[in-house]
Amino acid sequence: MSALSTVARIAFLASDVLVDSQPSSFSTTFNQLAHLDRKPRILSAPLGSDAGEIILRNTDSKLVSLTTSAHTQVITRLVLHLAEISTHPVVLHVALQDDLSDVILLRAAAPFFIVSSTPQQAHDNALLASRLAFTQRKAVVHAFFPGTSHEPISELPADQVLPFLLSERHPTTPGHVTPTSTEHESESLADPTASLLYKMYETAALETLSQTRRPLRPVYRHGPAEAQTVILTFGEMTACPEVEGVAYVFHSLLCPLPPSRLLHAIPTSATRVIVLEQVHRWTTKFLPLYLEVVSALQQRENRPTVQSGILGKAEHITAQDVQALLEQAASTTSVTARLTLGTSPSVTSDTIIPQIPKHELAYTKILQHLFSERLEIVNDPSVVTAQGSVATSPEYALGRVRGLVDLRSELSSVVDDLLQDSSTPSHLHSLLSKWSMSKDDPVKSNTFGSQIVQSLKDEPIVHPAAARILELQAHLPARSRWIIGSDAWSYDLGASGLHHALASGLNVNILLLDTSPYSARATADPARRKRDVGLYAMNYGNVFVASCAVFSSYSQVLQSIMEADQYNGPSVVLAHLPYSSEDASALEVLKETKLAVDAGYWPLYRWDPTRDEPFSLDSDAIKNELKAFLDRQNHLSQVTLARPNLASELVSSLGGRVQEARRARANAAYGDLLAGMEQKPLLILYASDGGAAEKVAKRLAGRGAARGLATDLKAFDSVGLEGLRGEEAHVAFITSTAGQGEPPQNGRQFFKALNAAVLRGEDVLAGLKYTVFAMGDSHYWPRPEDAGYYNKPGKDLDAKVEKLGGEKVAPVGLGDDQDADGWKTGYAVWEPALWKALGVDSIEVTEAEPEPITNEHIKAASGYLRGTISEGLEDTTTGALAPSDTQLTKFHGIYQQDDRDIRDERQAQGAEPAYSFMIRVRMPGGVCTPDQWLQMDQIADEHGCGTFKITTRQTFQFHGVIKRHLKPAIQDINRALLDTLAACGDVNRNVVCSSIPTMSKLHNEVFQFSKDVSEHLIPRTTAYHEIWLDKKLVAGEALQDHEPLYGEFYLPRKFKIAVAVPPTNDVDVFANDLGFIAIVGKSGDLEGFNVTIGGGMGVTHGNKKTYPRIGDVVGFCTPEQGRFVAEAIMLTQRDNGNRADRKNARLKYTIDRMGLPAFQADFEGRLGYKLPPARPFTFDRNVDDFGWHTGEDGKHHFTMFIENGRVQDEPGRDFKTGLREIAKVHKGTFRLTTNQHLLVSDIPDVDLPEIKRLLAQYKLDNLNHSALRLSSSACVAFPTCGLAMAESERYLPLLVDKLEKICEKNGLRNDAIVMRMTGCPNGCARPYVAELAFIGKAPGTYLMLLGGGYYGQRMNKIYRGYFLLLATLHTSNDFESETVTEPEILAILEPMIRRYALERLPGERFGDFTIRVGYISATTSGKEWYAGMGGEGQWRESV
């Protein structure tokens, strides 16, 4: 453990207010302790701000602690306030870096100054300092060296820290403890004040000793009692080499520094005293503590020689080093000469090159990418070695810019002088003229400048101007100059360097990085107002301003930076990069960015005062301050006159109109409530993620109304705990269970408030009559130690409402999915008890309970998929569609989603979820033209989130499409001669086929077959064209829609078809409802297909009626018969599928229920003939063939790696741009693979060099990845998928990073292991046929599956029940317990992979190996999938 973490822990546990100076080395520990009930108020002090002011504003607290590193700027500002701080209970914990030069300045004004050299000493002194400051109400400086101890640190338990601080003074000291000094020694201090302070220290030290059982000595000696030489050390020196006649004296208390203690530590036998101080930047004649030692020794008659020295790094000091010091001391006669011991730092702290935080490199990489050699970061850390640490300060950098601008102005003048000289050669005169006219052009100025320099060197001319041009040649190219600063400038705008930069009018670009997380804004010091730099800069009138966020919109960042560079004058680019510590993951930064942008806290915009309309808003939300500025500038009123709708849209906060509509609905609901006040009221509150608990709540409301009750139905969080205070109605709580015993999403704020009220001991629900019905699965967490998770939210709710004064009217009901009737078994007992409590149990209800509306009702009533979609698109009061319409839009290729990263935040704001839509294209066979690719790229930018995804169904998928962009997006897709009809829904979906780059003729045949089957099975409704393409039915609707294949109910569930070409099973043909396996004759011609039926991936956690299944081969058909075979099988499923239970409605369940022979007989009866026997075939892989291939027709194909199919631009990986540039020149096709990768296909010889150049330029030809990464795949999951239970696409690359290191360590870098991850059990990435798979079960929690076949021929099964993989991804959720990263999974897989590397048979694949050696048993059929889960033999674990 490190001293940093142990000091941070004590500061956190002891303080009421904790001021954390940024950048923080302590925040990781603070985050780890955030789950504690008792926690301080943490205030962040950005670098450059005044931490002393923050401390003084909070000195009314019982204890204030500051945690900071020994940064010159921080310490200097503290010195100014220290006299005032010294009289308050404050502890300044300062982490040192091999130097006391800065922190020693605090000694002059601090009552107490303590130094710790080891982690254990740091823990004890942090405790001592906190006790001393708390009891004596005086400031204590605790400086410590942040080293790491190899031995365990003995720490005071967390629950004992605060009681220790609050305990009475002068506890009884254990008899065996020796006081640190005698009364005589204390009284011998000359200064009465110092004497009193020392007694205070002694008292606190004794009190701390009683807790730690370790002495805390202010001064102690090591070495012989009669030493001739004494080395006094002030700093970090843990090694004490034994040297004859030498003793060492160490000081942990530097203030007060009692002379008596010094004299006591230095034996009278000493003839030489060497004072070593760890200060490397001290400019005065004597070092700070040397004179105090000399003064103390003046009291002796036989005074030793006292010499001064510098203590360097002393970790490896030997006896020879000490002997050399003694020889150096003996040979020196001057008392001012400074001796040295230990190695001095190679550079002093003045010249230590600052490290750029890793997250901030994202912006510097963008600058380097855009400007390359033109880029000049004026305050770059690299200039520190030449100009000192001050060179990185923005103020100093501004001075440098002015100097550079002046030099370029001088260069321009001397060029003019040379132009006016008649003796200047004509060719040089021409170059100088061209440079003068284009000196601000980044390309031409560089070109002409190089030619001028070369000309002057080749043909020197005698002229002062020529010589000066050569001296100033570095200024010939036009530079892009940038100063990079932090948000510290936001606190003191008028006095900071920003004011001077803007007022100067210089052509300089300022990039300000704001790293404050949006979710932590509440912890900011309310007294320190953080001003809006953007507004401040815009008020100057001549400054370009942009606000951007790389994790929100990469393209907007590029546009902002390029426009800033082109602007002639000061430019300010505000860049949002929220992270709490260096250890924060990119995923955490992404989520914080989205919260800030979508909530309007960090709007994306550009302000260019040279334009007619200066302001451009690039995000949907805008904050009030910016809105007010635009109004004041009158720009908005000008827009209003010209385009009123645009103006309203420009400044409307996201969700504003939604809130207005909600208020109207609330008023209507209130009227209904008043109308029903005469009846017995029943308030039903539900918390539900998947909708099951909500359906139960609606059922209860209907049955209550039928009994004459005035029922009201609401979600937990829509009422809140305060809303129940004084509630007169009976309240029925209905809640499901999410994840690891956590409450559902729409009840978490309620549960947080409930927990807080219980901790405070309040009776906020006194008199509330309530009951609880909980829904869960007793086998969802089947390990015995996890039994407490079963129905935990409902049980906790019942107990805590009762603690808050609630009166239970009926026992808690427990619905269990494992019961014969599921939740209904427990509900049947609970509901009658509720009616009895309400006195309505005797009322006979004769009216039949309405049948619940299912998807089958919605489809039948939809008018062939019309519903009210058109009306919903016109409704501007909400970003969503009606729930029934969202079931129908799936048939149109559209899923309604919302951004789950910011769901809680928007709910807290009173806004509806950030609704958007996913659009999936229907593109049979996964082939598109370059023109279609360019149009998809444009659609992603204009209508989506700027990226698009290659899916496992071999097509395009767009995310983040808001409702008003739905129709334009689909129209643009259709203009590209593609569509989205039947890409989703209960129909045949996109037909996929193998990519096979080497067999051109065969690919053309199976591709055409895929298109034919898709067109044959496509729905015939005209609703798609009416709604999205504005094509109406003719003849006054006399012609009605008809679905010859599907009918009005369509299919019971989705239907998937794949076409595979052996030996590559890249489409995982057995995982599909229907599969065609190409059979190729000896001549290479396509003879037909083997037919497989009954594959399917979806499962429901905890429901053993559901399982994955791989298809059975049932026969052979010709290419001409294929479409009719597909039709017959689909119709058999249509007529026999389970429409009563969608979870058991897929074809795989129909086959297992009917039996394969009966099902085959049915569809063959429809065909009119039996399928002949299947023909032999062989598969050997299901991964893509990466790299270059040449087809039979001589054309070339390149298969590239697109991780998880996400086509986007990132710093250093501009894949989206690169593919766009390739599409502009490519004359062939693009082929999408079902493994989410991409082929640039059909490249003729003449275009090959250009395609290769573009691939190399954009790093798209990089295949230098491990085979594990090349074989991995993930679904989208968070934040958009509504079914996701855990991360997938955003997390799998991080997991692969760790696992591929294990593979490389064991020599398996080039050995593929098919690994897949999904965020839920529905199986979009086909995880159940992977060799190694992870399936999301709750946030951060996954099933681990082993034993799948390498080429998809065998299913895997569950090996371990769960793993906690992600660390605090959802920091807003107090109920989640992701507290570890990957220890369990790495601990299991590392020895397994090592054993595979050592013991595998020739050619044996990982999945086969895990079965052979007994880790897991082979899965023989879908029905047997659960048999043997949890491992085999010694590896078995109950799941």
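Residues numbered from 1 in each chain as written. Predicted model: local features only at pLDDT ≥ 70, side-chain atom pairs only at ≥ 80, totals over all residues. Heavy atoms only, no water.

Draft legend 1. Region of interest: the overall build of the protein. A count of helical and extended segments in the protein gives 47 helices and 48 strands. Buried positions account for 56% of the 1439 residues belonging to the protein. Surface summary for the protein: the accessible area is close to 58300 Å², and the carbon and sulfur share equals 51%. (Helix = DSSP H or I, 4+ residues; strand = E, 2+ residues; numbered from the N terminus. Buried < 20%, exposed > 50% of the residue type's maximum accessible area, 1.4 Å probe, protein only. Areas by Shrake-Rupley, 256 points an atom, 1.4 Å probe, with all protein chains shown as cover.)

Draft legend 2. Highlighting the packing of aromatic side chains. By the definition in use, this model includes 43 aromatic pairs. Aromatic pair Phe1177 and Phe1179: ring centres 5.4 Å apart, planes at 65°, arrangement edge-to-face. Overall, Phe1177 belongs to the partly exposed group, its relative accessible area being 30%. Taking NZ or CZ as reference, Arg1360 lies 4.1 Å from the ring centre of Tyr1359, over its face. (Phe/Tyr/Trp six-rings, centres within 6.5 Å; stacked < 30°, edge-to-face > 60°. Lys NZ or Arg CZ within 6 Å of the ring centre and 35° of its normal.)

Draft legend 3. Geometry of the confidence of the model for the protein. In the predicted model, the protein carries a mean pLDDT of 85, and 88% of its residues have values of at least 70. For the protein, helix H7 (residues 183-187) is the element with the lowest average pLDDT, namely 41, and strand E33 (residues 1057-1060) is the one with the highest, namely 97. Taken as a whole, residues 347-351 scores under 50 in pLDDT and shows 11 contacts with residues more than four places along the chain or in a different chain. (pLDDT = per-residue confidence, 0-100. Contact = heavy atoms within 4.5 Å.)

Draft legend 4. Quick peek at helix H5 (residues 119-136). Over its 18 residues, H5 extends 25 Å from the first C-alpha to the last, a length consistent with the 26 Å expected when each residue adds 1.5 Å. Within H5, 18 of the 18 residues are buried, which leaves it mostly tucked inside the rest of the structure. One or two positions beyond H5, positive phi appears at Arg137, with a value near 55°. (Expected span 1.5 Å × (residues − 1).)

Draft legend 5. Representation of the state of the cysteines in the model. With the rule as written, the count across this model stands at zero disulfides. Free of any disulfide, Cys1275 has its nearest neighbouring cysteine sulfur in Cys1324, separated by 6.0 Å. The exposure class of Cys1275 is buried, given its relative accessible area of 13%. (Disulfide = S-S within 2.5 Å.)

Draft legend 6. Structural view of the pairing of strand E43 (residues 1238-1243). Of all six residues in E43, six are buried, a share of seventy percent or more. With four bridges joining them, strand E42 (residues 1229-1232) and E43 adopt antiparallel strand pairing. Paired with Phe1230 across the strands is Val1240, a residue of E43. Linking E42 to E43, which pair antiparallel, is a turn of five residues; within it Gln1236 sits at a positive phi near 75°. (Pairing = 2+ DSSP bridges.)

Draft legend 7. Geometry of the sheet that holds strand E2 (residues 41-45). Spatial strand order, E2-E1-E3-E4-E6-E5-E10: seven strands in an open sheet with mixed pairing. Each edge of the open sheet is held by one strand with a lone partner, namely E2 and strand E10 (253-255). Direction aside, the axes of adjacent strands within the sheet are offset by 20° on average. As paired strands, strand E3 (residues 64-69) and strand E4 (residues 90-95) are joined by six bridges and run parallel to one another. Paired with Ser69 across the two strands is Ala95, which belongs to E4. The sheet contacts of helix H1 (residues 3-14) involve strand E1 (17-21), E2, E3, E4 and strand E6 (140-144), and relative to E6 the element is tilted by about 155°. Helix-sheet contacts for helix H8 (residues 192-212) involve strand E5 (112-116) and E10, and the interaxial angle to E5 is about 45°. (Axes fitted to C-alpha atoms, helices over the stretch in contact; angles between N-to-C directions.)

Draft legend 8. Expanded view of the sheet that holds strand E17 (residues 544-549). If you walk across this open sheet you meet the seven strands as E14-E15-E16-E18-E17-E19-E20, and the pairing is mixed. With partners counted over all chains shown, the strands left at the sheet margins are strand E14 (375-377) and strand E20 (615-617), one partner each. Recorded for the sheet is a direction-independent mean angle of 20° between the axes of neighbouring strands. In this sheet, strand E18 (residues 571-576) lies alongside strand E16 (residues 509-514) in parallel orientation, the contact comprising six bridges. Pairing of Leu511 across the sheet is with Val573, part of E18. In the packing of helix H12 (residues 361-371) onto the sheet, the strands contacted are E14, strand E15 (480-486), E16, E17 and E18, and the crossing angle to E15 comes to about 175°. The strands that helix H20 (residues 554-566) touches are E15, E16, E17, E18 and strand E19 (605-607); relative to E17, the one it contacts most, it runs at about 160°.

Draft legend 9. How the structure looks around the nonpolar core. Among the nonpolar cores identified, the biggest contains 95 residues, and Trp933, Phe956, Phe958, Trp1028, Phe1076, Val1091 and Ile1129 are the most heavily contacted of them. Excluding its chain neighbours within four sequence positions, the residues that come into contact with Phe1076 are Phe1009, Ile1057, Ala1058, Val1059, Ala1060, Val1069, Phe1089, Asn1090, Val1091, Cys1117, Gly1122 and Ala1126. If you look at the next biggest cluster of nonpolar residues, it comprises 54 residues, including Ile54, Val115, Val279 and Leu289. (Core = buried A, V, L, I, M, F, W, Y, C linked by side-chain atoms within 4.5 Å.)

Draft legend 10. Region of the structure containing the pattern of salt bridges. Per the counting criterion, the structure on display carries 71 salt bridges. Across the pair Arg9 and Glu155 runs a salt bridge whose closest N-O atoms are separated by 3.9 Å. With Arg9 in helix H1 and Glu155 in the loop between E6 and helix H6 (158-166), the pair connects residues that are 146 residues apart, well separated along the chain. Between Lys591 and Asp901 there is a salt bridge, with the nearest N and O atoms lying 3.9 Å from each other. Of this pair, Lys591 sits in helix H21 (residues 586-598) while Asp901 is found in the loop between strand E27 (894-898) and helix H34 (903-909), placing the two residues 310 residues apart along the sequence. Overall, the relative accessible area of 7% leaves Lys591 in the buried class. (Salt bridge = Lys/Arg side-chain N within 4 Å of Asp/Glu carboxyl O.)

Draft legend 11. Local environment of H8. Over its 21 residues, H8 runs 30 Å from end to end, which matches the ideal 30 Å to within 8%, given 1.5 Å per residue. Counted residue by residue, H8 has 15 buried out of 21 residues, so it is predominantly covered. One or two positions beyond H8, positive phi appears at Arg213, with a value near 60°.

Draft legend 12. Main features of the side chain of His81. Structurally, His81 is set in helix H4 (residues 72-85). In this structure His81 comes out as buried when scored by relative accessible area, which is 15%. One polar contact links His81 to Asp50, side chain to side chain, over a distance of 2.7 Å. Excluding anything up to four places from it in sequence, His81 contacts Asp50, Gly52, Glu53 and Leu56. (Polar contact = N/O pair within 3.5 Å; in protein donor to acceptor, adjacent residues only side chain to side chain.)

Draft legend 13. Summary view of the packing of helix H26 (residues 692-706) against helix H30 (residues 823-838). At a closest axis distance of 13 Å, the pairing of H26 and H30 adopts a crossing angle of 35°. Relative to H30, the crossing made by H26 is right-handed. Between H26 and H30, the residues in contact are Val696, Arg699, Leu700, Arg703 and Gly704 and Trp823, Lys824, Tyr827, Trp830, Glu831, Leu834 and Trp835, respectively. In terms of residue class, the contact of H26 with H30 is built from seven nonpolar, one polar and four charged. (Left-handed = near helix turned anticlockwise from the far one by under 90°. Nonpolar A, V, L, I, M, F, W, Y, C, P; charged D, E, K, R; others polar.)

Draft legend 14. Structural detail: the pairing of E5. With five of five residues buried, E5 is to be regarded as a mostly interior element. The alternating pattern of E5 places Phe112, Ile114 and Ser116 on one face and Phe113 and Val115 on the opposite face, and all of these are buried. As defined by bridge partners, E5 adjoins E6 across five bridges and the pair is classed as parallel. Along E6, the bridge assignment pairs Ser116 with Phe144. Crossover connection from E5 via H5 to parallel E6: handedness right-handed. (Right-handed = clockwise from strand over helix to strand, strands pointing away.)

Draft legend 15. The environment of Ile1388, seen in detail. Among the secondary structure elements, Ile1388 is positioned in helix H46 (residues 1383-1399). Between the C-alpha atom of Ile1388 and that of Arg1360, which follows or precedes it by 28 residues, the distance is 9.8 Å.

Draft legend 16. Looking closely at unusual backbone geometry. Across the junction of Pro1062 and Pro1063, the peptide omega takes the value 10°, indicating a cis bond. When you line up the elements, Pro1063 lands in the loop between E33 and strand E34 (1074-1080). Of the consecutive residues Phe1278 and Pro1279, the connecting peptide bond is found in the cis state with omega at 5°.

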